[in-house]
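Commentary on secondary and tertiary structure
The primary structure of each chain is shown beneath.
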Amino acid sequence: MLTAVKNQCRVCLLSLKYNMMREMLNKTTFLSNVGFMILNNAAFIVQWVILFHLKEDIGGYTMEEVMLLWGLAAGSYGLARIICARAFALPELIIAGKLDSYLVIPKNVLLSVITSETNTSAIGDLLYGIVIFCIFCFRIDRLLLFLLFILTGAVIITAFALLMGSLTFWFVRADVFGNHMVMSMISLSTYPDGIFHGMTRFILYSIVPVGIAVYHPVHMIMKFQLSGLLLVVGYAAAILAAAVFVFYRGLRRYSSGNLMEARM
């Protein structure tokens, strides 16, 4: 069992390595994608500086907490897209019948699919998140929590994207709904949860799990509670297990595209 897990981890790392090497063949394009993503994210700092000059807090958040929110959101999304970019493109593979090439190789199908591609601009997101934390929120006792919550956030975002993408196995045009849900989660993760109330707030902590992925970790970093940490880690494990289960149940319904190709 441990040997199998170790082999799968080695395969994933090799896949990430070769994906990065392929993307870096054109260094100018690679560096441009990373740089422009950092600049795009940094532009929003001006918006928040102006808003906090007009008001002391927004939704109960100070400038430090908003920057921590952005750091976690950008870092989690970036890490998810670096390692598991294909989880966000699963509907396209299902609709076009492009899963065939993953079914014939002697590796874990799900891991082979989601790690078969990386997104270079996502490196800019990850770097931006870390830099923002270091500039606005850095404290030694917060660093490990920040890195841990980037990891759990990436797991939750990836699992949610996988769940939404797997709906395509059952429903026509579920890809549109799934993409909207994932993008809504990403967009909402950059706004303080204090501005949401009632049913909207309930949805953000349940149906669209941005609350557990980003909001709750921000509160835990600012004021640590062991129960809160266990909640985030437990939820990440639970939604990942649910995503894996739904994917493999849906895979039984998959219709081959009869593509004559193999992945090396």
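Before reading further, recall that the structure is shown in the block above.
All of the points below concern the structure found in this document. Each chain carries its own residue numbering, running from 1 in the written order of its sequence. Two thresholds apply to this predicted model, a pLDDT of at least 70 for residue-level local features and 80 or more for giving and counting side-chain atom pairs, whereas whole-chain, interface and lining totals are computed over all residues. To get the side-chain values, all heavy atoms of the structure are used, and hydrogens and water are removed first.

1. Thoughts on the packing of aromatic side chains
The cut-off we apply is this: By convention, a stacked pair of Phe, Tyr or Trp rings (six-membered ring in the case of Trp) has centres within 6.5 Å and planes under 30 degrees apart, an edge-to-face pair has planes over 60 apart, and any other such pair is tilted. Note on classification: 1.4 Å probe, protein chains only; a residue is buried when its accessible area is under 20% of the maximum for its type, exposed when over 50%, partly exposed between these limits. Helix and strand assignments come from DSSP, with helices taken as H or I runs of at least 4 residues and strands as E runs of at least 2, each series counted from the N terminus. Cation placement over rings: the criterion is NZ of Lys or CZ of Arg within 6 Å of the ring centroid and within 35° of the ring normal.
Considering all chains together, one arrives at 9 aromatic pairs under this definition. With centroids separated by 5.9 Å and ring planes inclined at 70°, the aromatic side chains of phenylalanine 133 and phenylalanine 138 adopt a geometry described as edge-to-face. Overall, phenylalanine 133 belongs to the buried group, its relative accessible area being 1%. Classification of phenylalanine 138 by relative accessible area gives partly exposed; the value is 39%. Arranged with centres 5.9 Å apart and planes meeting at 65°, the rings of phenylalanine 169 and phenylalanine 247 form a pair that is edge-to-face. Pair noted here: phenylalanine 169 is in the loop between helix 8 (140-166) and helix 9 (174-188) and phenylalanine 247 is in helix 12 (residues 226-251), with a separation of 78 residues, a long-range link. Both residues of the pair, phenylalanine 169 and phenylalanine 247, count as buried. Members of the aromatic cluster, connected to one another through ring pairs, are Phe169, Trp170, Phe247 and Tyr248. Lying across the ring of phenylalanine 88, arginine 81 places its NZ or CZ 4.9 Å from the centre.

2. Examining the pattern of salt bridges
This is how the line gets drawn: We count a salt bridge whenever a side-chain nitrogen from Lys or Arg sits within 4 Å of a carboxyl oxygen from Asp or Glu.
The full count for this structure, using the stated rule, is 4 salt bridges. We note a salt bridge from glutamate 64 to arginine 142, for which the minimum N-O separation is 2.7 Å. In this pair, glutamate 64 sits in helix 3 (residues 63-83) while arginine 142 sits in helix 8, placing the two residues 78 residues apart along the sequence. Look at glutamate 64 and you get partly exposed, because its relative accessible area is 28%. For arginine 142, a relative accessible area of 5% gives the class buried. Put simply, aspartate 193 and arginine 201 hold a salt bridge, and the shortest N to O gap is 3.2 Å. Relative accessible area serves as the criterion here: at 2%, aspartate 193 is assigned to the buried category.

3. Quick word on the environment of lysine 17
Relative to the helices and strands, lysine 17 resides in helix 1 (residues 2-23). Lysine 17 sits in the partly exposed class, given a relative accessible area of 44%.

4. Considering the state of the cysteines
For the record, the criterion: Here, the term disulfide refers to a pair of cysteine sulfur atoms separated by no more than 2.5 Å.
A complete count under the given rule lists 0 disulfides for this structure. Looking at the unpaired cysteine 134, the closest cysteine sulfur is the one in cysteine 137, lying at 9.3 Å.

5. So, helix 11 (residues 210-222)
This is how it is decided: Multiplying one less than the number of residues by 1.5 Å gives the expected span of a helix. In this analysis the local bend is the angle between axes fitted, respectively, to the seven residues ending at and the seven residues starting at the residue. Contact between two residues is taken to exist if any of their heavy atoms lie within 4.5 Å; hydrogens are not considered.
The end-to-end C-alpha separation of helix 11 is 18 Å, in line with the 18 Å expected for 13 residues at 1.5 Å each. Within helix 11, the axis deviates most sharply at histidine 216, by approximately 30°, and proline proline 217 lies no more than four positions further along. Buried residues dominate helix 11, accounting for 11 of its 13 residues. Three or more residues of helix 11 are buried, namely Val210, Gly211, Ile212, Ala213, Val214, Tyr215, His216, Pro217, Val218, Met220 and Ile221. Packed against the buried residues of helix 11 are helix 3, helix 8, helix 9, helix 10 (198-204) and helix 12.

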